[in-house]
Amino acid sequence: GRARGRARGATLALIAALCVGHSYAMYDGDSSVKVLDAKSFDSEVMESDDSYWLVEFYAPWCGHCKQLAPTMEKVAKNLNGLVKVGAVDCDEEGNKALCGKVGVRGYPTLKIYPVEKSFNPYTKKSAKMPSDYTGSRSAKGMVDSVLSGMPDMVHSVKADNITEYLADDYPKALLFSDKEATSPLFKSLAIQFKGRMRMGKASSADKELAAKFGVESSPKLVVVQGSDASTAIAHDGKLKKDELQEFLKTHALKDRKDDPLLAAKLPKLVKVMDAAALQESVLSDTKSMWLVFFHKKTPLPAALEQMASSFKAFKFASVDCSKGTVCKDQSVDGSEVLRLYQQEDKSEYEDFAGDATCDEDCMQLEAMSDFVGEHMPNLVVAVGEPTWNNFLAPAAERPRVILLSKKVEPTQLYKSLALKYKGVLTFGLYANPSTQSMAQLQVKKLPQLMIFFSQNGTSESLQGFPYQGGFTYEEMAATIDQFATPFMEGFDPDSKQQRQESNTASSKAPEGPVDEMQNGETTSFDALCSKKGGLCAVAFVDASPANEQKEAQLKILEELRKSKHPSPYHFSWVDASCHLEMMESLDIDNTKVPGLVILSPSKNRFASHVGKFNVQELGATLDGVLSGRTKTGPYSSVNALSSRACSEVHAEIATAMGGGDSEEEDDIMKEMMDEIKAKEAAAKAEDEEKGGKKKKFKKKKKGKK
């Protein structure tokens, strides 16, 4: 009755309005965050080979950017140069082209820029390929996440490999420590001195090894210029960043030079094979395309590893022709040959003997890339002015992918994607579309990838989903996966019958309850939303005893998911009675429960459903987001789920509901709700303390009336 209604209302009334915060000056000369413009971004981030960056792209008028600014300052101070932290003002006229180029479509956008460059088959250029940061927006969470992603260029040195470590005249540093894990500081120094100093770490428990370097205590850092451990020079100061930098700088190479041992340490994507392995892994494989480099004791071209990291549709191997008769048996003619084996019939292959215009080192990256692009299968359908409507018509049954581009021929990247989804999705290329076609498809600039699909299998509901990410294999595949996965379960790409049926067969709609978002490896926000790619439809439902409509509301959500299948949406729900801080971060209050929020974790944008909680109106909101009719806004971060068990909150609410309607019981009810809120705050404070925060935060308590 009335008590139950008050219980539910009191529970949801605990949700606070989203804090606007103070208007912070974004970043200035005294900031720990490096202010970047288009010129310095290119020189310090994109062209640097000795730094790992976290970069924020923001607009000074953006409220969420202002909220994030103090956190970014804390992150930069805590990282203290181990990872460089920068910010680009996208509202500055000179930076607008840069922000558009890197794919910024909402503020703030955070991207991580790696140390190494990668080859992009689409642009045919090597550049740093950033990844969107989609993790926690708390200072501790950001620091932990960024540090965990740092590349480890530190060698593990032991008695059995010390000879190899010291073998050449390359300058070396060796840290003796009793800690098993490599510290972020030492990882950062290895990145900073890459190409100038070889960095290694040894256990201080290995007394015999330590004695060779004259080390008697730990932690201790020594440097050796040659191969004689007895000439080691020890660092006698504190193991602090500035002191270590100065010490290493004194003994490091002045000019950069590739470290052969570091190249050997990095993971290899090109598998070394003998005749038996070639037969078993390559020639007997009817499901994969292979690129095999045949050579005669020559070092593998560095470009080959770069290709292996870029051409995801292929597997890579190398075979030494000087061992046995393998190359003669395979009719390999030449000292260096790159062979492309087709997927099903390995007797079909093409050979590349190097760039015809060079005399030595002829396995150049761009030349090999052109060779692969020319000879890899092309499953992309050419679409033109009179045919694009016909091409998209079958999308009512099964999604279709179309790329509108100025390029007349599909790139290696697009061909690779078509191969990945062979027999599952059909890919088309619409080269140089007319202005009229672009207007009909609501495309403003090229290139633009679009995925067309129908949520109920009818041509009337056919709609296009505009891809908004970067043109890399990983990013594009992550989005396309959301449409392809429902059709891939139990699918065998080698079955001709299934391939024929796949052109028209629709996937089975999911059945059963929608997943509840909870603390757990498979039910967390990351597992059910942010790590899945695409869009998330997250419902907020009061699951406490106060809500008699809980089951009916969850049933509506289940029917909504079924009615919108297939779609790029991932559905889940959150208990609104106990995860108050998460609701607060998405501007959900008691008037919006039950409610629905649509999230794009990769772009940090969201939209809230406005209307009744029924299948028809909820569906209209989902359709509106896809079509662009429903506007989205930026969000700074999604607060974590409460660490407190919802069952405890439910029990307290149930206890509070057990009484009558007296004023005394109303006061008890208020006290119970205040206690729930206090426990939520205590749990949050405890999480912050665990994160190494030294300051104590105090909340003002309202006095009782």
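The structure this text deals with has already been given above.
Trainee: Could you clarify how one ought to interpret the overall build of the chain in this entry?
Mentor: If you tally the helices and strands in the chain, you get 25 helices and 27 strands. The buried share among the 705 residues of the chain stands at 48%. Long-range pairs, those at least 24 residues apart, make up 75% of the contacts in the chain with a sequence separation of at least 6. Carbon and sulfur atoms make up 49% of the accessible area of the chain, which amounts to about 35000 Å² in all.

Trainee: How should I be thinking about the packing of aromatic side chains in this particular structure?
Mentor: When we look at a pair of aromatic rings, we describe it by the centre distance and by the angle of the planes. Taken as a whole, this structure holds 13 aromatic pairs when the rule is applied. Ring centres of Tyr 341 and Tyr 349 lie 5.8 Å apart, and the angle between their planes is 65 degrees; this geometry places the pair in the edge-to-face category. The exposure class of Tyr 341 is buried, given its relative accessible area of 1%. On the accessibility criterion, Tyr 349 (33% relative accessible area) is partly exposed. Pairing Tyr 414 with Phe 427 gives two aromatic rings, centres 5.6 Å apart and planes at 70 degrees, and the pair type is edge-to-face.

Trainee: Looking at this structure, I do not really get the pattern of salt bridges. What am I missing?
Mentor: If charged atoms from side chains of opposite charge come close, those side chains can pair. On inspection of all chains with the given rule, the structure shows 19 salt bridges. Between Lys 172 and Asp 168 there is a salt bridge, with the nearest N and O atoms lying 3.7 Å from each other. Asp 168 gets classed as partly exposed once you look at its relative accessible area, which sits at 26%. The residue Glu 648 makes a salt bridge to Arg 644 at a minimum N-O spacing of 3.0 Å. Judged by its relative accessible area of 40%, Glu 648 falls in the partly exposed class.

Trainee: Sorry if this is basic, but what is going on with the pairing of strand S4 (residues 109-113) here?
Mentor: Each regular strand displays side chains that alternate between the two surfaces of the sheet. For S4, a buried count of 5 out of 5 residues is recorded, marking the element as mostly surrounded by other parts of the structure. Taking every second residue as pointing to the same face, both faces of S4 are buried, with Thr 109, Lys 111 and Tyr 113 on one and Leu 110 and Ile 112 on the other. Here 2 bridges tie S4 to strand S7 (residues 131-132), and the two strands are oriented antiparallel to one another. For Ile 112, the partnering residue across the bridge sits in S7 and is Ser 131.

Trainee: Explain helix H5 (residues 139-148) here, please?
Mentor: Each turn of an α-helix holds 3.6 residues, which means side chains three or four residues apart point in the same direction. Turning to H5, its buried residues are Ala 139, Gly 141, Met 142, Val 143, Val 146 and Leu 147. Those residues of H5 hidden inside the fold are in contact with strand S2 (53-58), helix H3 (63-79), S4 and helix H7 (184-192).

Trainee: It is not clear to me how the state of the cysteines should be interpreted in this structure. Could you clarify?
Mentor: Two cysteines, two sulfur atoms, one covalent bond between them: this is a disulfide. Applying the stated criterion across every chain, the model contains 4 disulfides. Two residues, Cys 578 and Cys 646, share a disulfide whose sulfurs are 1.9 Å apart. Judged by the sign of its S-S torsion, about 65 degrees, the cystine formed by Cys 578 and Cys 646 is right-handed. Taken together, the residues Cys 578 in the loop between strand S24 (569-575) and helix H22 (580-585) and Cys 646 in helix H24 (residues 646-657) connect sequence positions 68 residues apart. Per residue, the accessibility class of Cys 578 equals that of Cys 646, and both read buried.

Trainee: How should the sheet that holds strand S11 (residues 220-224) be read in this particular structure?
Mentor: Pairing between sheet strands relies on hydrogen bonds along the backbone, with the strands arranged either parallel or antiparallel. The 5 strands are arranged S8-S10-S9-S11-S12 in an open sheet whose pairing can be described as mixed. With partners counted over all chains shown, the strands left at the sheet margins are strand S8 (155-156) and strand S12 (233-234), one partner each. Each of strand S9 (172-177), strand S10 (198-203), S11 and S12 touches helix H9 (residues 241-251); the most contacted strand, S11, lies at about 15 degrees to it.

Trainee: Where do I start with the side chain of Ser 544 in this structure?
Mentor: Along the chain, the position of Ser 544 falls in the loop between strand S23 (535-541) and helix H21 (550-563). At 2.8 Å, the side chain of Ser 544 and the side chain of Asp 542 are in polar contact. Setting aside residues no more than four positions away along its own chain, Ser 544 makes contact with Asp 575, Ser 577, His 650 and Ile 653.

Trainee: Got a minute to help me understand the packing of H7 against H9 in this structure?
Mentor: A pair of packed helices is characterised by two quantities: the angle between their axes and the separation of those axes. At a closest axis distance of 11 Å, the pairing of H7 and H9 adopts a crossing angle of 35 degrees. Relative to H9, the crossing made by H7 is right-handed. Where H7 abuts H9, its residues Leu 185, Leu 189 and Gln 192 lie against Lys 241, Leu 244, Gln 245 and Leu 248. Partitioned by chemical class, the residues of the contact of H7 with H9 number 4 nonpolar, 2 polar and 1 charged.

Trainee: Got a minute to help me understand the packing of H3 against H5 in this structure?
Mentor: Between H3 and H5, the least distance of the axes is 9 Å, while the angle of their chain directions is 45 degrees. Considering the angle they form, H3 stands oblique to H5. Between H3 and H5 lies a crossing whose hand is right-handed. Note on element contacts: H5 touches H3 through Ala 139, Met 142, Val 143 and Leu 147, opposite Thr 71, Met 72, Lys 74, Val 75, Asn 78 and Leu 79.

Trainee: So what exactly am I meant to see when it comes to unusual backbone geometry here?
Mentor: The general pattern is negative phi for most residues beyond glycine and trans for most peptide bonds. With an omega of -5 degrees, the peptide bond between Leu 446 and Pro 447 qualifies as cis. Considering the arrangement of structural elements, one finds Pro 447 in the loop between helix H17 (435-440) and strand S21 (448-454). In this chain, Val 593 is followed by Pro 594 through a cis amide linkage whose omega measures 0 degrees. Inspection of the secondary structure puts Pro 594 in the loop between H22 and strand S25 (595-600). Although it is not a glycine, Asn 432 adopts a positive phi angle of roughly 50 degrees. Its location among the elements puts Asn 432 in the loop between strand S20 (426-431) and H17.

Trainee: So what exactly am I meant to see when it comes to H21 here?
Mentor: Counted at 1.5 Å a residue, the expected span for H21 with its 14 residues is 20 Å, and the 20 Å between its end C-alpha atoms agrees. Buried within H21 we find Gln 553, Leu 554, Leu 557, Glu 558, Leu 560 and Arg 561. In an axial view of H21, the angular spread of the buried residues amounts to 160 degrees, which keeps them on one side of the axis. Opposite the buried face of H21, by more than 90 degrees, sit the exposed residues Glu 551 and Lys 562.

Trainee: So what exactly am I meant to see when it comes to the sheet that holds strand S13 (residues 270-273) here?
Mentor: Pairing is mixed across the open sheet formed by 5 strands, whose spatial order is S13-S15-S14-S16-S17. Of all strands in the sheet, those bounded by a partner on one side alone are S13 and strand S17 (349-352). Geometrically, the sheet is characterised by an average inter-axis angle of 25 degrees between neighbouring strands, direction not taken into account. Sheet topology places strand S14 (residues 289-295) next to strand S15 (residues 314-320); 7 bridges connect them, and they run parallel. Looking at S15, one finds that Met 289 is bridged to Phe 314. Along the sheet, helix H11 (residues 275-283) contacts S13, S14, S15 and strand S16 (336-341); its crossing angle with S14, the most-contacted strand, is approximately 160 degrees.

Quick notes on the rules
- Residues numbered from 1 in each chain as written.
- Predicted model: local features only at pLDDT ≥ 70, side-chain atom pairs only at ≥ 80, totals over all residues.
- Heavy atoms only, no water.
- Helix = DSSP H or I, 4+ residues; strand = E, 2+ residues; numbered from the N terminus.
- Buried < 20%, exposed > 50% of the residue type's maximum accessible area, 1.4 Å probe, protein only.
- Contact = heavy atoms within 4.5 Å.
- Areas by Shrake-Rupley, 256 points an atom, 1.4 Å probe, with all protein chains shown as cover.
- Phe/Tyr/Trp six-rings, centres within 6.5 Å; stacked < 30°, edge-to-face > 60°.
- Salt bridge = Lys/Arg side-chain N within 4 Å of Asp/Glu carboxyl O.
- Pairing = 2+ DSSP bridges.
- Disulfide = S-S within 2.5 Å.
- Axes fitted to C-alpha atoms, helices over the stretch in contact; angles between N-to-C directions.
- Polar contact = N/O pair within 3.5 Å; in protein donor to acceptor, adjacent residues only side chain to side chain.
- Left-handed = near helix turned anticlockwise from the far one by under 90°.
- Nonpolar A, V, L, I, M, F, W, Y, C, P; charged D, E, K, R; others polar.
- Parallel < 35°, antiparallel > 145°, perpendicular 65-115°, else oblique.
- Expected span 1.5 Å × (residues − 1).
- Arc of directions from axis to C-beta.

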